Amino acid sequence: MSLTRTVPSAAPATATSSARTGLIQITVTGVLWGTTGVAVQLLRDSTGLSPVSIGFHRLAIAALVLLACTAGRLGTLVSALRAAPVPLLLTGVGLGLYQALYFAAVAWAGVSVATVVSLGLAPVLAATWESVRARRLPGPLRLGTLVAAVAGLVLITGATADPTVAAPAPLLGLLAAAGSGLGYAVTTLISRNVSQHTAPMTLTTISTVVGALTLAPFAVVAGVAVPVRLDTVTLLLHLGVVTTALAYALFYAGLRTTPGSVAAVLTLLEPLTAAALAVALLHEPLPLPVIVGGVLLLTAVAATYLAPRSGTT
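Residues numbered from 1 in each chain as written. Predicted model: local features only at pLDDT ≥ 70, side-chain atom pairs only at ≥ 80, totals over all residues. Heavy atoms only, no water.

Asker: I tried to follow the overall build of the chain on my own but got confused; where do I start?
Answerer: Within the chain one finds 14 helices and zero strands. Helices and strands appear in the chain in the N-to-C order α-α-α-α-α-α-α-α-α-α-α-α-α-α. Summarising its shape, the C-alpha atoms of the chain cover approximately 70 × 50 × 35 Å along the three principal directions. A total of 313 residues make up the chain; the buried ones form 45% of that total. In the chain, the share of contacts with a sequence separation of at least 24, taken over all contacts with a separation of at least 6, comes to 90%. (Helix = DSSP H or I, 4+ residues; strand = E, 2+ residues; numbered from the N terminus. Buried < 20%, exposed > 50% of the residue type's maximum accessible area, 1.4 Å probe, protein only. Contact = heavy atoms within 4.5 Å.)

Okay, structure coming up:
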């Protein structure tokens, strides 16, 4: 009798373990993405490349590395594309476009507006879509987590943005930021569905290749020439290999067991990590709003980990 009682508990235990692993993978993704800002800033200072061109190099390097890693499994990539061509292509196009829109929003309206609107809108839209699809409102814990995360994002971004940066086209910047947030939310939801039957490495490879091709025309117009120096190559490899190839592989793996709205909340660790690195590496001051915002974000992440996996939160 004791044996028959313990067997049914194995499946829930395995599901809980998988869900927790997914949360960890996406949390690590947010931290890795948070190193992008410092790397991009250092790269722009040393090369003068536009953000769109840097984004193209980032995706192109990731695509080349991933294609090299999957050289013996090209048949798998082709089979995946044949099985689900539309969602895979949409994931890649979305990956390129929401980055391009974010960069445009930064140029037109400043970092603060671009970050708050694009990153803050994504978890709200994802949670709304999931609620509509499930035909029920999110639970109080999920709502509280969402509010705390977005509030933390606003505090961190508002305190770390450069107040002297001009906003030559604030309305266009706001629209671009909203488009970036919408693109990120939609791409996350699409890629979550695709990740259920596509291996993370395959999904990451296809999406980065398509994303790089999507950004290529914009990058060519802006200029793609890069001086070949040790510091430049190191920064580009970090952006391509660590913050893209590795980070997106973890992200897509985590999406297999993590709802899109939860993933969008966890990746808000990106601006918190960026702020911490700016303090540690660039010796920027640590204002009180950043501390408060960081506490709110970490509280939201902790609540996400502690929430029951039943989906009723």
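Asker: Whenever I open this one, the packing of helix H3 (residues 36-47) against helix H11 (residues 230-254) confuses me. Can you help?
Answerer: A pair of packed helices is captured by two measures, namely the crossing angle of their axes and the spacing between those axes. Where H3 contacts H11, the two axes come as close as 10 Å, and the packing angle between them is 150°. Looking at the two axes, H3 sits roughly antiparallel to H11. You can see that H3 and H11 cross each other, and the crossing is left-handed. Each of Thr36, Ala39, Val40, Leu42, Leu43, Ser46 and Thr47 in H3 lies in contact with H11, whose residues at this interface are Asp231, Thr232, Leu235, Leu236, His238, Leu239 and Thr243. Among the residues forming the contact of H3 with H11, the class breakdown is seven nonpolar, six polar and one charged. (Axes fitted to C-alpha atoms, helices over the stretch in contact; angles between N-to-C directions. Parallel < 35°, antiparallel > 145°, perpendicular 65-115°, else oblique. Left-handed = near helix turned anticlockwise from the far one by under 90°. Nonpolar A, V, L, I, M, F, W, Y, C, P; charged D, E, K, R; others polar.)

Asker: Hey, could you run me through the nonpolar core in this one?
Answerer: One broad rule of soluble globular proteins: the nonpolar side chains tend to lie buried together. Formed by 50 residues in total, the largest nonpolar core has its most connected members in Tyr248, Phe251 and Leu266. When residues of this core are assigned to their parent elements, the largest contribution, six residues, is made by helix H10 (residues 200-222). Discounting chain neighbours no more than four positions away, the residues touching leucine 266 are Leu23, Ile26, Thr27, Val301, Thr304 and Tyr305. (Core = buried A, V, L, I, M, F, W, Y, C linked by side-chain atoms within 4.5 Å.)

Asker: Explain the side chain of serine 207 to me, please; I cannot follow it from the model alone.
Answerer: When you line up the elements, serine 207 lands in helix H10. Among residues more than four places away in sequence, those in contact with serine 207 are Thr91, Gly92, Leu95 and Tyr252.

Asker: Got a minute to help me understand H10 in this structure?
Answerer: Note on helix geometry: an α-helix contains 3.6 residues per turn, so any two residues three or four positions apart are oriented the same way. Taking 1.5 Å per residue, 23 residues should reach 33 Å; H10 reaches 32 Å between its end C-alpha atoms and fits that length. Considering bend angle alone, the principal kink of H10 is centred on alanine 216 and spans about 40°; proline proline 217 follows within four residues of it. One or two residues past the end of H10 sits glycine 223, with phi positive at roughly 105°. (Expected span 1.5 Å × (residues − 1). Bend = angle between axes of the 7 residues up to and from the residue.)

Asker: Which parts of the structure should I look at to understand a nonpolar patch on the surface?
Answerer: Residues Trp108, Val113, Leu171, Leu172, Leu174 and Leu175 make up a contiguous nonpolar surface patch of about 560 Å² in total accessible area. Residue classification places valine 113 among the partly exposed residues on the basis of a relative accessible area of 31%. (Patch = residues over 30% accessible without salt bridge, like charges linked within 9 Å, V, L, I, M, F, W, Y side chains within 5 Å. Areas by Shrake-Rupley, 256 points an atom, 1.4 Å probe, with all protein chains shown as cover. Salt bridge = Lys/Arg side-chain N within 4 Å of Asp/Glu carboxyl O.)

Asker: How should empty space enclosed by the protein be read in this particular structure?
Answerer: Where empty space is left becomes clear once a probe the size of a water molecule has been rolled over the atoms. A full pass over the atoms with the stated rule returns two cavities of 30 Å³ or more. Looking at the second largest cavity, its volume works out to about 30 Å³. Tyr98, Tyr184, Thr187, Thr188, Ser191, Tyr248, Phe251 and Tyr252 together form the lining of the second largest cavity. Of all the elements, helix H9 (residues 170-195) adds the most residues to the lining of the second largest cavity, at four residues. For the lining of the second largest cavity, the per-class residue count stands at five nonpolar, three polar and no charged. (1 Å grid on protein atoms, 1.4 Å probe; cavity = no way out; pocket = protein on both sides within 12 Å on 5 of 7 lines; lining within 4 Å. Points joined across faces, edges and corners; volume = space filled by probe spheres on them.)

Asker: When you look at the packing of aromatic side chains in this model, what are you seeing that I'm missing?
Answerer: Ring pairs (aromatic) are described by centroid distance and by the angle formed between their planes. Overall, the coordinates contain six aromatic pairs when judged by the stated rule. Both rings, one in tyrosine 248 and one in tyrosine 252, keep their centres 5.8 Å apart while their planes meet at 40°; by these two values the pair is tilted. Taken together, the residues tyrosine 248 and tyrosine 252, both in helix H11 and four residues apart, mark about one turn of the helix. Accessibility classification places tyrosine 248 together with tyrosine 252 in one group, the buried group. An aromatic cluster of at least three residues, connected via ring pairs, comprises Trp33, Tyr248, Phe251 and Tyr252. (Phe/Tyr/Trp six-rings, centres within 6.5 Å; stacked < 30°, edge-to-face > 60°.)

Asker: Would you explain the environment of alanine 245 in this entry?
Answerer: Mapping alanine 245 onto the fold places it in helix H11. Its relative accessible area of 7% is what places alanine 245 among the buried residues. As for alanine 245 and leucine 64, which are separated by 181 residues in sequence, their C-alpha atoms are 9.6 Å apart. Dropping the residues within four chain positions of it, alanine 245 is found in contact with Ala62, Leu66, Thr204 and Gly240.

Asker: Explanation requested: the packing of H3 against helix H4 (residues 51-69) in the structure shown.
Answerer: Put simply, H3 and H4 touch, their axes get as near as 11 Å, and they point 115° apart. For the pair H3 and H4, the sense of crossing is right-handed. Each of Thr36, Val40, Leu43 and Arg44 in H3 lies in contact with H4, whose residues at this interface are Pro51, Ile54 and Arg58. Classifying every residue of the contact of H3 with H4 by side-chain character gives four nonpolar, one polar and two charged.

Asker: Quick question: what am I supposed to make of the confidence of the model for the chain here?
Answerer: Low pLDDT means the predicted atomic positions in that stretch should not be read closely. Confidence in the prediction for the chain averages 85 pLDDT; 91% of positions are at 70 or higher. In the model, residues 1-8 has pLDDT below 50 throughout and makes zero contacts with residues more than four positions away in sequence or in other chains. (pLDDT = per-residue confidence, 0-100.)

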